[in-house]
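Chain and residue survey
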Amino acid sequence: MSEVVLLTGLGLVLLVLMAVLRYRFKSSGAAQESMPKPGVPLSVEIPQELVERLFGSDDWNFVRAQGSEQLSRLFLRERRELALSWMRGVRERASGLMHSHRMAARASSDLKPLDEMRITVYYLLFELLCQSLVLAVWLRGPVALTGLIERIDGLSGQLARVAGRAEPVVVDGGLNQT
Amino acid sequence: MLSLGIWILGLALIGLVLARACAQRLVFAYPIFYMYLAFVLFTSLGLLFIYWTKHSEYSRYYWYVEFAGAALGCGVVWEIYRHALGRFPGAARMARNGLLFTLALTVSKAIANASTGLGWWPTKTLVALERDLRTVQAAVLVGLAIVIASYAIPLGRNLWGLMAGYALLISTNLVTLTLSEHLGSAFYTTWRYLQPLAYVTALSIWCAALWSYGPVPAPNVNSRIEQDYQTLVQVTTKGFLHARTYLRKAFRP
């Protein structure tokens, strides 16, 4: 019975994978289009000063002092959406870093499968941590995450710098690394 | 009558795909695939002749032809691999390692069977042997699809269609062969229509995708990065390690 499930599952997995491939590369040139465009930010940049103000407790203390329940709810909802949007940006940068790595590695004759697997594990762990943070934002709310937000902002900038170094950039007639 | 109609439609579609291949000179680009199709065309015509003249012998010949087709199909999988990853040595190396892993699993299974007294090759019938061949092909295609998706390998319309059609054929074959062996005659009616329908669908995909030559998009290759893979690994690793450290700290404000 287990063999029936295994073999039937293998056949179905193959069909699903082909559907995923079809979705990812809708046309023959889609792979090129899916590459991150050099120089184009993966998410909206927010200046550090604005981040501190948006996620600091000053605004929340002020809103709470007004004594309006409706205003407090509106404030918290907007801040939560902003925090989640920021998390999406961080994940996009990590995804961009991974994508840039694979674009460069796929043509390398020196590629080492173990290194590739190790990097994939790093990426998956990072994704897991990001998802945990998103959950924390939902559960604890954005205002209680002042410490977290500051660190995520540092991470976002760092990933952007690293992704920038690894990202292939089009130079006359070919690609180069920034 | 319906199954005969599907059979004849399938033959007409194979003829059309082969005719287009000759007209568009695609036959030189994918020789093994078209050899496979020509084999299917001639053996199907032969089987049709046997079906009408020596009906009692049909079943025996059918399984021989199916098995030979499955064996030739291994060449088609190899052709897909060669065309898809030929320009990407890094991705090809990943795929080769995946294939070696699959092979190691198969050998381990054979050794395990031998140690439990089932023999090195546990299959006893041509049906089971064909199913085993299809299983290996499906596993290889799954590995190829994962590598192609992960490394965003551009396939082009022709190769994409070839792979999609063959994957559909293999997966349907694998599922129907497995279920028919497990369920027996209860599955026979479904199998009788499902298999030819999948075949006609695969042929339709091939007909559309291989109607004319579709160039494979040129890969973006950075010679500097190729020469400096270790630096690339270090940069990416460092990025993720720093990112993880930040996130860990974030959980302990």
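Computed from a predicted model, the values in this text were never measured in an experiment. Every chain begins its residue count from 1, and numbering advances along the sequence as written. Chains and ligands are labelled sequentially in the order written, the chains with letters from A and the ligands with numbers from 1. Confidence filtering applies because this is a predicted model: local features only for residues at pLDDT of at least 70, side-chain atom pairs given and counted only at 80 or more, and all residues used for totals across whole chains, interfaces and linings. Side-chain measures here rest on the full set of heavy atoms in the structure, leaving out hydrogens and waters.

Focus: the overall build of chain B
Secondary structure elements follow DSSP: runs of H or I of four or more residues count as helices, runs of E of two or more count as strands, with numbering from the N terminus. Helix and strand content of chain B: nine helices and zero strands. Beginning at the N terminus, the succession of helices and strands in chain B can be written as α-α-α-α-α-α-α-α-α. Across the 253 residues of chain B, 48% fall into the buried class. The long-range share in chain B, meaning contacts at least 24 apart out of those at least 6 apart in sequence, stands at 79%. Here the Shrake-Rupley method, with its probe set to 1.4 Å, supplies the accessible areas, and only the displayed protein chains count as covering residues. If you sum the accessible surface of chain B, you get close to 12100 Å²; carbon and sulfur atoms cover 68% of it. In this scheme, a residue with accessible area under 20% of its type's maximum is buried, one over 50% is exposed, and one in between is partly exposed, where area comes from a 1.4 Å probe on protein chains only. Here a residue-residue contact requires only that any non-hydrogen atoms of the pair lie within 4.5 Å.

Overview of the side chain of B:Glu79
All names here are of chain B. Topologically, Glu79 is positioned in helix H3 (residues 58-85). When its relative accessible area of 1% is taken as the criterion, Glu79 is described as buried. Among all residues touching Glu79, those that are not within four sequence positions of it are Ala29, Tyr30, Pro31, Ile32 and Phe33.

Quick word on the nonpolar core
All names here are of chain B. We define the nonpolar core as a collection of buried residues of types Ala, Val, Leu, Ile, Met, Phe, Trp, Tyr and Cys that are connected through side-chain atoms lying within 4.5 Å of one another. One finds Tyr34, Leu37, Leu85, Leu141, Met163 and Trp206 to be the most contacted residues of the largest nonpolar core, which totals 97 residues. No other element matches the 12 residues that helix H6 (residues 156-183) contributes to this core. Beyond its immediate stretch of four places on either side in the chain, Leu37 contacts Ile14, Val17, Leu18, Leu203 and Trp206.

Focus on the environment of B:Phe88
Residues and elements named next belong to chain B. In this structure, Phe88 sits in the loop between H3 and helix H4 (89-115). What makes Phe88 buried here is its relative accessible area of 0%. On a C-alpha basis, the gap between Phe88 and Ile32 in space is 21 Å, while along the polypeptide they are 56 residues apart.

Some details on the confidence of the model for chain A
Residue and element names in this part refer to chain A. For every residue, the predictor states its confidence as a pLDDT score lying anywhere from 0 to 100. Confidence in the prediction for chain A averages 72 pLDDT; 61% of positions are at 70 or higher. Ranking the elements of chain A by mean pLDDT puts strand S1 (residues 168-171) last, at 37, and helix H1 (residues 2-24) first, at 87. Note that pLDDT drops below 50 for residues 30-44; the model gives that stretch 32 contacts with residues more than four away or on any other chain. Contacts from residues 166-178, a stretch scored under 50 in pLDDT, to residues over four places away or in other chains number 36 contacts.

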